[in-house]
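Single-letter residue listing:
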Amino acid sequence: MEYEYWFAKIQGINVRKKIRLRQCMKTAEAIYSMEEMQLKEMEFLNERERNKILQAKQQEDLEKEYDRLRKKEIRFIPCFAEEYPKNLKQITDYPYALYVKGNLPDEEAKKVALVGARRCTPYGEKYAVDFGKALAECGIQIISGMARGVDGMGHRGALMGRGKTFAVLGCGVDVCYPREHIGLYVDILEQGGGILSELPPKTPPLPQHFPARNRIISGLSDAVLVMEAGRKSGSLITVDMALEQGKEVYALPGPVNSQMSIGCNELIRQGAGILLSPEMILEEWNLSEQKTDGSPEMNKKSGKDSKNKKTLETQEELLYSCLGLYPKSVEEILRETKLEVRKVMEILVSLELRGYIREISKNYYIIT
């Protein structure tokens, strides 16, 4: 298998040509043994590609390098292997090989890509967690890119729902990016999920790698859910790829004045499914009654409805009712409630201590 690993790592030759060359030579070891004249007989390869193969042959300690891969518990899965994901083979530009830590998604399970903005608002953050958790509780596996913002929140929601989630990276699987997600990286593996990439170990997270990895996220999934996206959000690349692959696309509607919801609202205008609640989409997929073992019943209420407002005094309820999932400043709260500054600050502190609201930046509050 070390020769297959060697061949997969060669950069600058597209997947179709790699597959054709391997079909001609039967094994990667035979390709490794090819002389320059033999390579010239492969007319579908250009001179630059032939030179790439010849240069790669100069690599030393191939066996040791592959052994290091195994010691890191990284699985190398070429596209002709039995365990290579079948739904990924259905896309036109599937990766020649995958590198995997942990597990691959279950072939029999429903799989959903949950994607969105890196710089998401508390609104997108909340619903990424809510949808990830509710879907995971019903046995749906969540696939995303472990990026900041919506991706990370979707993974975290799936873990909260005691489900399995899978991260497709734009770097090597032994490189945790962003670094602050190291806890999430570990939790995904510990809960039976997996970390995947088409890039060899140690590959850094370069910008050009991320658009390409999006086709894997959508390719592994049965549907794509966009939780929040601006006009030029990278998650819209995933949507384009999903549509090319014939996958269902859904989007979370947002306020018309939110720059971070322009992309989602436009998708809905163009015919994407609308995400109003996890329960609605589960019902559409006939999964609303299914539960993973031991999971609690889904709370069908969220946000303000899930709080026991009977415990709030009149002025507290007045202030609480003017807050939402988008941050609101103390100045706006004062203007809307017409309460005194001292009273507003007193109520804000009380509500935050009791878990009703959260200060997300200096003097800006949202409900929890």
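Residues numbered from 1 in each chain as written. Predicted model: local features only at pLDDT ≥ 70, side-chain atom pairs only at ≥ 80, totals over all residues. Heavy atoms only, no water.

Helix and strand counts for the protein chain stand at 16 helices and 12 strands. The principal-axis extents of the C-alpha atoms in the protein chain amount to approximately 85 × 40 × 40 Å. A separation of at least 24 residues holds for 69% of the contacts in the protein chain among residues at least 6 apart in sequence. Carbon and sulfur atoms form 48% of the exposed surface of the protein chain, whose accessible area is close to 18300 Å². For the protein chain, the centre of its 54 positive side-chain charges and the centre of its 53 negative side-chain charges are spaced 2 Å apart. (Helix = DSSP H or I, 4+ residues; strand = E, 2+ residues; numbered from the N terminus. Contact = heavy atoms within 4.5 Å. Areas by Shrake-Rupley, 256 points an atom, 1.4 Å probe, with all protein chains shown as cover. Lys, Arg positive; Asp, Glu negative; His and termini not counted. Charge placed at Lys NZ, Arg CZ, Asp CG, Glu CD.)

A few words now on unusual backbone geometry. Here the residue pair Y177 and P178 is connected by a cis peptide bond, since its omega of -5° sits within 30 degrees of zero. Here P178 shows up in the loop between β5 (165-168) and α9 (182-190).

Right, let's get into the nonpolar core. Of all hydrophobic cores here, the largest spans 67 residues; its most connected members are L21, I53 and M146. Filtering out sequence-adjacent residues up to four positions away, L21 remains in contact with F7, I31, M34, M42, F44, L45 and I53. Formed by 41 residues, the second largest nonpolar core is a distinct cluster that contains Y123, A136, L287 and Y365. (Core = buried A, V, L, I, M, F, W, Y, C linked by side-chain atoms within 4.5 Å. Buried < 20%, exposed > 50% of the residue type's maximum accessible area, 1.4 Å probe, protein only.)

What follows concerns helix α12 (residues 262-269). Among the residues of α12, I262, G263, C264 and L267 are the ones counted as buried. Residues of α12 that are buried make contact with β7 (223-226), α11 (235-244) and β8 (248-251).

With that settled, consider the pattern of salt bridges. Tallied over the entire structure, the rule returns 19 salt bridges. With a closest N to O distance of 2.5 Å, E266 and R269 form a salt bridge. Here R269 and E266 lie together in helix α12, a separation of three residues that amounts to about one turn. Here R342 and E346 are joined by a salt bridge, their closest N and O atoms 3.4 Å apart. Residue R342 and its partner E346 are located together in helix α16 (residues 341-353), separated by four residues, close to a single helical turn. For R342, a relative accessible area of 55% translates into the label exposed. Residue class for E346 comes out partly exposed when judged on its relative accessible area of 41%. (Salt bridge = Lys/Arg side-chain N within 4 Å of Asp/Glu carboxyl O.)

Because each turn of an α-helix spans 3.6 residues, side chains separated by three or four positions end up pointing in the same direction. Over its 16 residues, helix α7 (residues 122-137) runs 22 Å from end to end, which matches the ideal 22 Å to within 8%, given 1.5 Å per residue. In terms of residue burial, α7 counts as a mostly covered element, since 13 of its 16 residues are buried. Phi turns positive, to about 85°, at G139, one or two residues after α7. (Expected span 1.5 Å × (residues − 1).)

What follows covers the sheet that holds strand β11 (residues 357-361). Within the open sheet, the three strands sit side by side as β10-β12-β11. Their pairing is antiparallel. Looking along the sheet, the strands with just one partner apiece sit at the ends: β10 (328-329) and β11. Alignment of β11 against strand β12 (residues 364-367), held across four bridges, turns out to be antiparallel. Paired with R358 across the two strands is I366, which belongs to β12. Its contacts with the sheet place α16 against β11 and β12, and it is angled at close to 105° to β11. (Pairing = 2+ DSSP bridges. Axes fitted to C-alpha atoms, helices over the stretch in contact; angles between N-to-C directions.)

The nine strands lie next to each other as β1-β2-β6-β5-β4-β3-β7-β8-β9, forming an open sheet whose pairing is mixed. If you trace the sheet from one side to the other, it starts and ends with β1 (75-78) and β9 (273-274), each paired once. Where strand β3 (residues 111-115) meets β7, four bridges bridge the pair, whose relative direction is parallel. Within the sheet, the bridge partner assigned to A113 lies in β7 and is V224. In the packing of helix α1 (residues 2-9) onto the sheet, the strands contacted are β1 and β2 (97-102), and the crossing angle to β2 comes to about 115°.

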